[in-house]
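Summary of structural features
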Amino acid sequence: MVIVLGTITLVASAAVGGIYLLTQEPIATSQTAKINGAIAQVVPAFDNRPAEEAVRLAVGGGDTTTAAAANPTLRETQADTITVYPATLNGEAVGYAVETFSNSGFGGRMSLMVGFLPDGTIQDISVISHNETPGLGDKIQKEKSNFIETRFVGKNPADPAFRLAVTKDGGSVDAITASTISSRAFTGAVKQAFEVWQAWLNDRPVEATSGATATAARAKKHASTARKTKPQEAEEEDFEFDPSAVKGALPYDASTGATATATGDPDAANTQKGGE
């Protein structure tokens, strides 16, 4: 019996290994095509292969690793990474797509692809994945509101007049109605993308200094001290809306499309009680 079970185990293991080897290359090819598609959405036309020239930069501990060995001082780490995809046309840089993230969304982690022009102007932003509340935080998606177009596109984070933080934290970004937490996480992820990209361009050590992984308290450190006289705002932040109570509250993945559809004007104020 032991010999029979052992033989079955070996055969099954070999079969699984064979299937993995057969599907590994097609999966990698598909993933590369998906990444190139997302990059094409946020930067001007290019003729290179950004996914093959990607530079992975670790955040959190300051260590980094690069797929293109562009910087010999970078070293490998298992920390969260920001990936920079250089886009060129006829050998000239036309933009940079930066794959960034935040772990501070109302529903947890969100991933974005942020496109920058060489001068730092935000060309466009694409939401790769998120778990935000349908009808509230999911309005970070272009299909649900004009949040990206009106708050970020055409703005340059290097411009002193444009501060990458929600207005409640003293910044220039108006939060989505009843979705301050989602808006703050989104904005922090964009800020993190800009700072890490700029550090790489200028050959500086990479540090996660944005609010993308910071707590709400740290994110508020630049806010006006006058806000301390507005306890009702703090109370709004402490309220926790239960996503499970919303029908169809499933994670969103850009590769499959949104899992829920908001009704009415997507950018109008939400009349539902509570919020994020």
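The residue count restarts for each chain, going from 1 along the sequence in the order it is written. At least 70 in pLDDT is required for a residue's local features to be given in this predicted model, at least 80 for side-chain atom pairs to be given and counted, and no such filter applies to totals for whole chains, interfaces and linings, which use all residues. Hydrogens are left out, water is left out, and the side-chain values use all remaining heavy atoms of the structure.

**Remarks on the overall build of the protein chain**
Under the scheme used here, helices are H or I runs from DSSP no shorter than 4 residues and strands are E runs no shorter than 2 residues, and both carry numbers assigned from the N terminus. The secondary structure content of the protein chain amounts to five helices and six strands. Scanning the protein chain from its N terminus toward the C terminus, one meets helices and strands in the order α-β-β-β-β-β-α-α-α-α-β. Here the term buried applies to any residue with accessible area under 20% of the maximum for its type, exposed to any over 50%, and partly exposed to those in between, with areas from a 1.4 Å probe on protein chains only. For the protein chain, the proportion of its 276 residues judged to be buried stands at 41%. Long-range pairs, those at least 24 residues apart, make up 56% of the contacts in the protein chain between residues at least 6 apart in sequence. Here a residue-residue contact requires only that any non-hydrogen atoms of the pair lie within 4.5 Å.

**Digging into helix α3 (residues 180–201)**
Any helix carries an expected span of 1.5 Å times its number of residues minus one. Taking 1.5 Å per residue as the helical rise, α3 with its 22 residues ought to reach 32 Å, and the 31 Å between its terminal C-alpha atoms agrees with that figure. Of all 22 residues in α3, 18 are buried; the element is thus mostly enclosed.

**Observations regarding the packing of aromatic side chains**
Only rings of Phe, Tyr and Trp enter the pairing, Trp through its six-membered ring, and a pair is recorded when the two centres are within 6.5 Å. The plane angle decides the type: under 30 degrees is stacked, over 60 is edge-to-face, the rest tilted. Enumeration according to the criterion identifies eight aromatic pairs in this entry. When the centroid spacing of 5.3 Å and the interplanar angle of 45° are considered together, the rings of Tyr-96 and Trp-197 count as tilted. Residue Tyr-96 is found in strand β3 (residues 92–105), and its partner Trp-197 is found in helix α3; the two are separated by 101 residues along the sequence. Using a relative accessible area of 13% as the deciding quantity, one classes Tyr-96 as buried. Between Phe-147 and Phe-186, the aromatic rings sit 5.2 Å apart at their centres with planes inclined by 70°, giving edge-to-face as the arrangement. Here Phe-147, found in helix α2 (residues 147–151), pairs with Phe-186, found in helix α3; they are 39 residues apart in sequence, far enough to count as distant. Feature note: the residues Tyr-96, Phe-116, Phe-194, Trp-197 and Trp-200 constitute an aromatic cluster, connected by ring pairs. Taking the ring centre of Phe-101 as reference, the NZ or CZ of Arg-109 above it sits at 4.3 Å. Think of it as a cone above the ring: NZ of Lys or CZ of Arg counts as a charge over the ring if it is within 6 Å of the ring centre and within 35 degrees of the ring normal.

**Quick notes on unusual backbone geometry**
With phi around 55°, Asn-90 is a residue other than glycine that occupies positive phi space. Note that Asn-90 resides in the loop between β2 (81–89) and β3. Phi angles above zero are rare outside glycine, and Ala-178 is one such case at about 65°. Here Ala-178 lies in the loop between α2 and α3.

**Overview of the nonpolar core**
Ranked by size, the top nonpolar core spans 32 residues in total, and within it Ile-125, Phe-152, Phe-186 and Val-190 carry the most contacts. Secondary-structure elements contributing two or more residues to this core are β1 (55–58), β2, β3, β4 (108–116), β5 (122–130), α2 and α3. Here this core gets nine residues from one element, more than from any other, and that element is α3. We call a set of buried residues a nonpolar core when its members are Ala, Val, Leu, Ile, Met, Phe, Trp, Tyr or Cys and they connect through side-chain atoms within 4.5 Å of each other. In this structure, Ala-38, Ala-54, Ala-87 and Ile-128 belong to the second largest nonpolar core, which totals twelve residues.

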